[in-house]
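Residues per chain, in single letters:
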Amino acid sequence: MDFNMRIYLVDGTYELFRSHFGQPPRVAPDGMQVSAVRGLIQSLLSLISSRNVTHIAVAFDSEVKSFRNKLFNGYKDGSDTPEELQMQFTLAERAVAALGITYWPMMEYEADDALGTAAVTYSENTEVEKVFICSPDKDLSQVVSGDRIVCFDRRKNLILGESGIKDKFGVLPKSIPDYLGLMGDSSDGIPGIPKWGAKSSSTLLARYIHTEKIPSDHRFWDVSVRGASGLSKSLESNRDKADLYKKLATLKLNVPISQSVDDLEWRGADPEMFHQFCSELGMPNLTRQPKKWRT
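Right, let's talk about the nonpolar core for a bit. Of all hydrophobic cores here, the largest spans 53 residues; its most connected members are Ile7, Leu9, Trp104, Trp196, Ile214 and Trp221. Other than its neighbours up to four places away in sequence, Leu9 contacts Ala57, Trp104, Leu115, Ala118, Ala119, Val131, Phe132, Ile133, Cys134 and Leu264. Ranked by size, the runner-up nonpolar core spans 38 residues in total, among them Leu45, Ile101, Phe132 and Phe274.

What follows is about the packing of helix H1 (residues 12-22) against helix H2 (residues 35-50). One can describe the packing of H1 onto H2 by two numbers: an axis separation of 7 Å at closest approach and a directional angle of 120 degrees. For the element pair H1 and H2, the recorded crossing hand is right-handed. The segment H1 lies against H2, with Glu15, Leu16, Arg18, Ser19 and His20 engaging Ser35, Ala36, Val37, Gly39, Leu40 and Ser43. The residue inventory of the contact of H1 with H2, partitioned by class, reads four nonpolar, five polar and two charged.

A word on the pattern of salt bridges. Tallied over the full model, the rule gives 15 salt bridges. For the salt bridge of Lys246 with Asp178, the shortest nitrogen-to-oxygen distance reads 3.0 Å. Residue Lys246 is located in helix H11 (residues 239-249), and its partner Asp178 is located in helix H8 (residues 176-183); the two are separated by 68 residues in the primary sequence. Judged by its relative accessible area of 1%, Asp178 falls in the buried class. Members of the salt-bridge network, linked through shared partners, are Arg68, Lys76, Glu110, Asp113 and Asp188.

On to the layout of surface pockets. In this structure, the largest pocket encloses a volume near 650 Å³. In terms of lining residues, the largest pocket is bounded by 28 residues, among which Thr13, Phe17, Lys76, Ser187 and Asp188 are the most central. Among the secondary structure elements, those contributing two or more residues to the lining of the largest pocket are H1 and helix H6 (111-123). Counting residues per element, the lining of the largest pocket draws most heavily on H1, at three residues. Looking at side-chain class alone, the lining of the largest pocket contains seven nonpolar, 10 polar and 11 charged residues.

Cut-offs applied
- Residues numbered from 1 in each chain as written.
- Predicted model: local features only at pLDDT ≥ 70, side-chain atom pairs only at ≥ 80, totals over all residues.
- Heavy atoms only, no water.
- Core = buried A, V, L, I, M, F, W, Y, C linked by side-chain atoms within 4.5 Å.
- Buried < 20%, exposed > 50% of the residue type's maximum accessible area, 1.4 Å probe, protein only.
- Contact = heavy atoms within 4.5 Å.
- Axes fitted to C-alpha atoms, helices over the stretch in contact; angles between N-to-C directions.
- Helix = DSSP H or I, 4+ residues; strand = E, 2+ residues; numbered from the N terminus.
- Left-handed = near helix turned anticlockwise from the far one by under 90°.
- Nonpolar A, V, L, I, M, F, W, Y, C, P; charged D, E, K, R; others polar.
- Salt bridge = Lys/Arg side-chain N within 4 Å of Asp/Glu carboxyl O.
- 1 Å grid on protein atoms, 1.4 Å probe; cavity = no way out; pocket = protein on both sides within 12 Å on 5 of 7 lines; lining within 4 Å.
- Points joined across faces, edges and corners; volume = space filled by probe spheres on them.

Structure (structure tokens):
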């Protein structure tokens, strides 16, 4: 039994966006854009080979809208996603399946919810030494725990444990939803509270941990922050919004995930599925990249 198991959880949606905007345009024989899928395949195989990955899973935002859109109309709805990228999500799921990698296509929830749920669930297994959440998304920082659950920004080759999150944002992981709710998160369409920025949010939350614990009158604050009076008035006028934005930024950690730790073991790409997939997309060179094939 392996008690030093490391699990890698990949934000497939992020990888697709990164590949789509970072890869040269690539068109399949049927005329469909496939640069994002190609980049995803290369990225996953690079991760597996460079870090000797044995256990891996990928999550996708297969449905653009989630339950959060029902809570707040301004929440991200995918309207700014290029159509040629959106069309590649189904292909991406097929690609990951052909690679023999477990994947979670999220519908009501978001990929971040699946990644957060999986990280917390698998970290409780005594066989697991460490869980790497492969994404630079700030939301996922909230489930970081010591050096057991960490965020791994592969583009920067940066790994952040709990102390790293505190150094970067000025708050503990458990305060990240409050932090994003106060200062806002433009990538998710969360506007934040007027006057509140990164510095003021981190200063108050480093002391009070959660937004609801911040005293309503700035004269009772026992930390010094510039413009305290204006910040206090703004927060008191927008407590309901602050609570809503915090809720939007809080990951759901009860997403139904049926796979066990053993189910995440990578046993190699499926030779028939992968060769057929690469042929269909006009990418025969990719068939030489997997170093391991499922038997």
